[in-house]
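The chain contents come next:
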Amino acid sequence: MKKLKLLMALLALGVSSVSFAQTQITGVVLDDTNVPLPGASVIEKGTSNGVVSDFDGNFTISVTDGTTLVISYIGYETKEVLLDGSSNYSIQLGESSTSLEEVVVIGYGSVKKSDLTGAVASIGSEQLTEQRKTDLGQAVRGTVAGVDVRRLNSKPGSPLSIRIRGNTVITNSNQANADGQSDNVTEDLSRPLYVVDGIFLDNINILNPADIKQMDILKDASATAIYGSRGANGVVIITTKNGIEGITQFSYDASFGVSTATNLADTMTGDEYVAFIDNNLRAQQWKAEWLNSSTPNPTAADFNNYSINRNQSFFDNGETDNLANGDYFDWIDYITRTAIQSSHTVSMSGGQNGLVYSGSIGYLRDEGVVGNDQAYERYTASTSLSKKMNRFTIGLRAYLSYSEQERGSRELFRSAYRLPVTTDPYEDNGELIFYPDNEDQRFVNPYYEVNGAWKVNQRILNVISNFYVQYEAADWLNLKTTFSPNLTSTRNGEHRGLLTKSARNDPSRTRAYYGVDLRNSYTWDNTADFNFDISEKQKLGATLIASVYSNQLEGNNIETRNVPDFHGYYNTSAGTDVRQYSSYYEKETTASVAGRLNYNINDKYLFTFTGRYDGASKLAEGNKWNFFPSAAFAWRASEEQFLQNADWLTNLKLRLSYGQSGNYNTVSPYKSFAFLNNTNYLFGDDLVNGNVVNGLSNPELTWEVSDEINLGLDFGMLNNRVNFSLELYDKTTEGAIFSRNLLNVTGYESAVGNFGSMKNSGVEFTLNTKNIQTDNFSWNTNINFAKNKNEILKLEGDLDLQVFGRHSALIVGQPSDAIYSYEKLGIWQIDEAAEAAVYNAVPGEYKYKDQNNDGILDAANDKVVIGTTAPDWTGGMTNTFRYKDIDMSVMMYTRQGVFGHSEFHQHHDTNGETTFNKIDTSYWTPDTPNAENPLPGIGPALGEYSFEDMSFVKIGNIGMGYNFPDSVLDRLKMTSARLSVDVQNPFTFSDFNGPDPETGLQNSYDMSFLTRTTLIGLKLAF
């Protein structure tokens, strides 16, 4: 007991001595013109004790005697002030002449930008929100070299495809259909890893950009190595906002605007469509006569004099009246509307005595321009809380997102383009016509689907959380354990009512779908950070990590038919025809041990070494574990003595890295095993249930391994008025995992294994310039460019060609995104009729190259690679102008060299179906031999057509803002206030004459129009 009392007394004495050593000081933070800086960070060096300055630049903080304050403010040089015993300080910050002091998050830690050795790009909160985009993918598009962001669908809430340094995997599934590429982002096996506050996430569309503090994109193998196999396709690290100790601050961020359909395809007018039908009827006779050897070859005069009867094949009586009266109908205008978009975010942050907190709530509603019920709503809430107690810090971050997307009809977009302009939705008495085109009764009146006869609804609830305990064991050692669970619940519902194209007034064809996915995962990380100053000129840092990741998915799907409309998709049991009822479950785990070593010599020579030992449950027994090393070196040449007199040079750094990474994400769980499937078979005279083996097991399934070399150059001059960054990389993947086709004799269609190898190489550069910089006016420019080359090096054994789908193939020496078809040479002309007849073609049809000159066009010998769906290069440019308190920005981005099958053109080119409306393009007749498209009505030769160049340049955003001056803010007691106007997608430039070249590879089923959105924004902070 006496010892306990003595210990308590000593502890009390220690606590009192610490408390007596605390001093309260005050001060003001000013810029170099003595204007107060509100919101400046004032932190006691070496601690988390800090405050922020108020709107007059004033601050008050309690600190230990003799300590040092670190004062920082965005755009200004960080300054350290050693306390000299005074109680009040006036601290002046100069404008930053370099961005090298910016902190970049690199995974399980952060470094100054000047100390980076890998290829990393960083985007701050202001850049992510200044264009008023509804999701992070749109905010990044066109701003980071090597990051290709593509819109897959224009319906509100639809996710975007994001790839870092191109397609990194071999696959024969995504392009296997004739309609382009999948709209499902989860099927893109080249998508990067998203890490939000240490939590792995599949869909960043759920995040509110206003909640994001910073996004860091890790591109090369050295930078991503700390995440091991999960970072094989690059890593996007997203850090949400947290509080800063000091007075509580509030902010409000809102926008309101309207969207309209834009970039509409130029379709035929009524008279042009009628002329097309006439030429279609003539073309049928033209081809018949050319192929009839007993008749003389027709001439242009014969073509023009053919007898035609429009009413016989193409027009009913109502359309005939419209033709006579020149009365044509605009179906696109009929189904579209002006849509409303609005968003609101309220946030707060602050703290004192080691307690730091922040929180926000947000709401977004984005209506679609097609139909009356299409909309996307998202609710978000975030909170962060941390408390420092002596050497311990405990913290919590939680993010909740709930969204609902009503996609509306899957048919409206293409029905509006397909219905001929000669048709009409109403009878003369005003009654609706059920089949507007009586000759093609696949299409009911879009009126019903505009008003909700077809609903496709998805609800997603995401709960992301992060709990951590950190212990400062010594000045040189920090220990931290972090547990990060993630829960995602997705409900999909769809109802196709009686008056839809799907049902066509037949009750047995009505449908109800209902499905639920429940995904729960967690990551448990344990880290130890070591930091040593070996000497005045040498610094050594190390991070050790032990990590476990678990991911579990389960769900069910139900489909019934003959469902009365009033039940919708909520009561599937009302359907008398059960088509599907299934449930599923899968689980995967990974375990990892990793280490990273950073060695800094005199801030000139920087070394990074990383090693990670990964184990994955997806892979076969005995092949689950592998070790992946990486190393990087950077030389800050501008710090060398021989360059100190080069006043024009601000920064010169050379970087070289090598890394090896593993990947298993191209395969789903259990693929190393053979499966059993239910089947029925006859046992004597009885039909009984049984099981059959479905698929081959692969006990050798193991890691695909990539080796990547990256060479980087960072260059700044004229006090960083000009900044340039260049990256050269080469990445080779061995043992690529994909599904290869098998011969029928095996009894199986395909098998999954380590069957190939491929190579990605490329170049990226970024240029930032301050073109004009005066007291009242500035003009800054950001330009980025990236070119990636993809090549398959090897397929299994002696295999050098594997064809799949209608026009896709894996070919050694060619890109993995290759389009495999016949090479088009032009259109057969009349004077080439004899040569065309060899291939059973006539003048006016497409002419294809006979690759082996054997007089036969066949897929085995004459198909070649005619293009690739991946862009040859991507780029972006943003110009920002500021005059006093007014600013303006113009952002453009481009994808060049994209080539692929266009399902839209397949139906709306003049050589497509005659019952559909057509794009206004030139087509061949004997009088127009130099036209772009072949003679209508004779069908696509060889079943191959509609390959289009989908390159484009888009002006993504034009914005203007006004920042209220300090004199106004002082009276309003605010820190900042900004009013802005943005126009998104104002202009598109492309030779692609479909609706949107960016979505041209996608099927027009379930598609929508590109929208132009005008938004007014307001941001307040106080």
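The structure presented is a predicted model; accordingly, all values stated were derived computationally and were not measured.

Caption draft 1: Fine view of the overall build of the protein. Counting secondary structure elements, the protein contains 15 helices and 48 strands. Counting only C-alpha atoms and orienting by the principal axes, one finds that the protein spans roughly 115 × 70 × 70 Å. Across the 1022 residues that make up the protein, the buried fraction comes to 51%. Contacts in the protein between residues far apart in sequence, at least 24 positions, make up 69% of those at least 6 positions apart. Only carbon and sulfur atoms are counted for the fraction: they give 54% of the accessible area of the protein, which is about 44,900 Å². Counting 82 positive and 122 negative side-chain charges, the protein places the centres of these two groups 8 Å from one another.

Caption draft 2: Layout of a nonpolar patch on the surface. A surface patch of nonpolar side chains, amounting to about 470 Å² of accessible area, comprises Met-389, Phe-392, Ile-394, Val-469, Tyr-471 and Leu-479. The residue Leu-479 is located in strand 23 (residues 477–496) in this model.

Caption draft 3: Focus on the sheet that holds strand 7 (residues 88–92). Spatial ordering of the open sheet is given by 4-1-7, a layout of 3 strands whose pairing is mixed. Edge positions in the open sheet fall to strand 4 (58–64) and strand 7, since each of these has one partner strand only. Strand after strand, the sheet turns through a mean of 35° between neighbouring axes, direction not considered. Pairing of strand 1 (residues 22–30) with strand 4, which is carried by 7 bridges, proceeds in the antiparallel orientation. Bridge pairing links Gln-24 to Ser-62 in strand 4.

Caption draft 4: The arrangement of unusual backbone geometry in detail. Despite not being glycine, Asp-197 shows a phi value in the positive range, around 50°. Mapped onto the secondary structure, Asp-197 falls in the loop between strand 13 (193–196) and strand 14 (199–201). Accessibility expressed as a relative area gives 15% for Asp-197, which makes it buried. Positive phi, close to 70°, is recorded for Asp-1006, a residue that is not glycine.

Caption draft 5: Representation of the side chain of Asn-466. Along the chain, the position of Asn-466 falls in strand 22 (residues 454–474). A relative accessible area of 7% places Asn-466 in the buried class. A distance of 2.5 Å separates a polar atom in the side chain of Asn-466 from the backbone oxygen of Asp-197. The residues contacting Asn-466, other than those within four sequence positions of it, are Asp-197, Gly-198, Ile-199, Gly-395, Leu-396, Arg-397, Thr-482, Phe-483 and Ser-484.

Caption draft 6: Region of the structure containing the pairing of strand 25 (residues 538–561). In terms of strand pairing, strand 24 (residues 511–535) meets strand 25 through 24 bridges, oriented antiparallel. Residue pairing in the sheet places Tyr-514 in a bridge with Ile-558 of strand 25. In textbook terms, the turn of a hairpin is the stretch between consecutive antiparallel strands, and for strand 24 and strand 25 this stretch comprises 2 residues. As paired strands, strand 25 and strand 26 (residues 577–601) are joined by 24 bridges and run antiparallel to one another. When the sheet's bridge partners are listed, Arg-561 is paired in strand 26 with Asp-577.

Caption draft 7: Structural context of the pairing of strand 31 (residues 686–694). The pairing of strand 30 (residues 675–683) with strand 31 spans 9 bridges and is antiparallel. Looking at the pairing, Phe-683 lines up with Asp-686 of strand 31. Between strand 30 and strand 31, which pair antiparallel and follow one another directly, the connecting turn spans 2 residues, one of which, Gly-684, has a positive phi of 70°.

Caption draft 8: Structural view of the packing of aromatic side chains. Taken as a whole and assessed by the stated rule, the structure comprises 49 aromatic pairs. Arranged with centres 6.3 Å apart and planes meeting at 85°, the rings of Tyr-334 and Tyr-426 form a pair that is edge-to-face. Linking Tyr-334 in helix 9 (residues 331–335) with Tyr-426 in the loop between helix 10 (412–418) and helix 11 (446–450), this pair joins segments that are 92 residues apart in sequence. With centroids separated by 4.8 Å and ring planes inclined at 65°, the aromatic side chains of Phe-413 and Phe-1009 adopt a geometry described as edge-to-face. With a gap of 596 residues between them, Phe-413 in helix 10 and Phe-1009 in the loop between strand 47 (976–989) and strand 48 (1011–1021) connect regions that are remote in the sequence. The same class applies to Phe-413 as to Phe-1009, namely buried. Grouping aromatic residues by their ring pairs yields a cluster made of Trp-286, Trp-290, Phe-303, Tyr-306 and Trp-924. Taking the ring centre of Tyr-846 as reference, the NZ or CZ of Lys-824 above it sits at 4.0 Å.

Caption draft 9: Geometry of the environment of Gly-897. Counting through the fold element by element, Gly-897 comes out in the loop between strand 43 (886–896) and strand 44 (899–901). The class of Gly-897 is partly exposed, set by a relative accessible area of 22%. Through-space distance from the C-alpha of Gly-897 to that of Met-950 is 7.2 Å; in sequence the pair is 53 residues apart. Apart from the residues lying within four places of it in its own chain, the contact partners of Gly-897 are Thr-868, Ala-870, Pro-871, Asp-872 and Ser-951.

Caption draft 10: Spatial organisation of the pattern of salt bridges. Applying the stated rule across the entire model yields 38 salt bridges. Taking the shortest distance from any N to any O, the salt bridge between Glu-80 and Lys-45 comes out at 3.1 Å. Here Glu-80 is found in strand 6 (residues 79–82), whereas its partner Lys-45 is found in the loop between strand 2 (41–44) and strand 3 (50–52), with 35 residues between them in sequence. A relative accessible area of 48% means that Glu-80 is categorised as partly exposed.

What counts as what
Counting from 1, residues in each chain are numbered in the order their sequence is written. Reporting in this predicted model follows two pLDDT cut-offs: at least 70 for local features of residues, and 80 or more for side-chain atom pairs to be given and counted; totals over whole chains, interfaces and linings ignore these cut-offs and use all residues. Excluded from the side-chain calculations are hydrogens and water; all other atoms, namely the structure's heavy atoms, are used. Each helix is a run of H or I in the DSSP string that is no shorter than four residues. Each strand is a run of E no shorter than two, and both are numbered from the N terminus. Burial classes follow relative accessibility: with a 1.4 Å probe on protein chains only, a residue under 20% of its type's maximum area counts as buried, one over 50% as exposed, and anything between as partly exposed. Note on contacts: a residue pair is in contact if any heavy atoms of the two residues lie within 4.5 Å. What sets the accessible areas is the Shrake-Rupley method with a 1.4 Å probe; for residues, cover comes only from the shown protein chains. Note on charges: Lys and Arg go in the positive column, Asp and Glu in the negative column, and His and the chain ends are not counted at all. Every charge is mapped to an atom, namely NZ of Lys, CZ of Arg, CG of Asp or CD of Glu. Put simply, a patch holds well-exposed residues, over 30% relative accessible area, that have no salt bridge, with like charges counted together within 9 Å and Val, Leu, Ile, Met, Phe, Trp or Tyr side chains within 5 Å. Between Lys or Arg on one side and Asp or Glu on the other, a salt bridge is scored when a side-chain nitrogen of the former is within 4 Å of a carboxyl oxygen of the latter. When DSSP finds two or more bridges between a pair of strands, those strands are recorded as paired. Convention adopted: a line fitted to C-alpha atoms gives each axis, helices being fitted over their contacting stretch, and angles between N-to-C directions are expressed from 0 to 180 degrees. Pairs of N or O atoms are called polar contacts if they sit within 3.5 Å, as long as, within protein, a hydrogen donor faces a hydrogen acceptor (for residues adjacent in sequence, only side-chain-to-side-chain pairs). Between rings of Phe, Tyr and Trp, where Trp is taken as its six-membered ring, a pair exists when centres lie within 6.5 Å; planes separated by under 30 degrees are stacked, by over 60 edge-to-face, and by other angles tilted. Criterion for a charge above a ring: Lys NZ or Arg CZ within 6 Å of the ring centre, and within 35 degrees of the ring normal.

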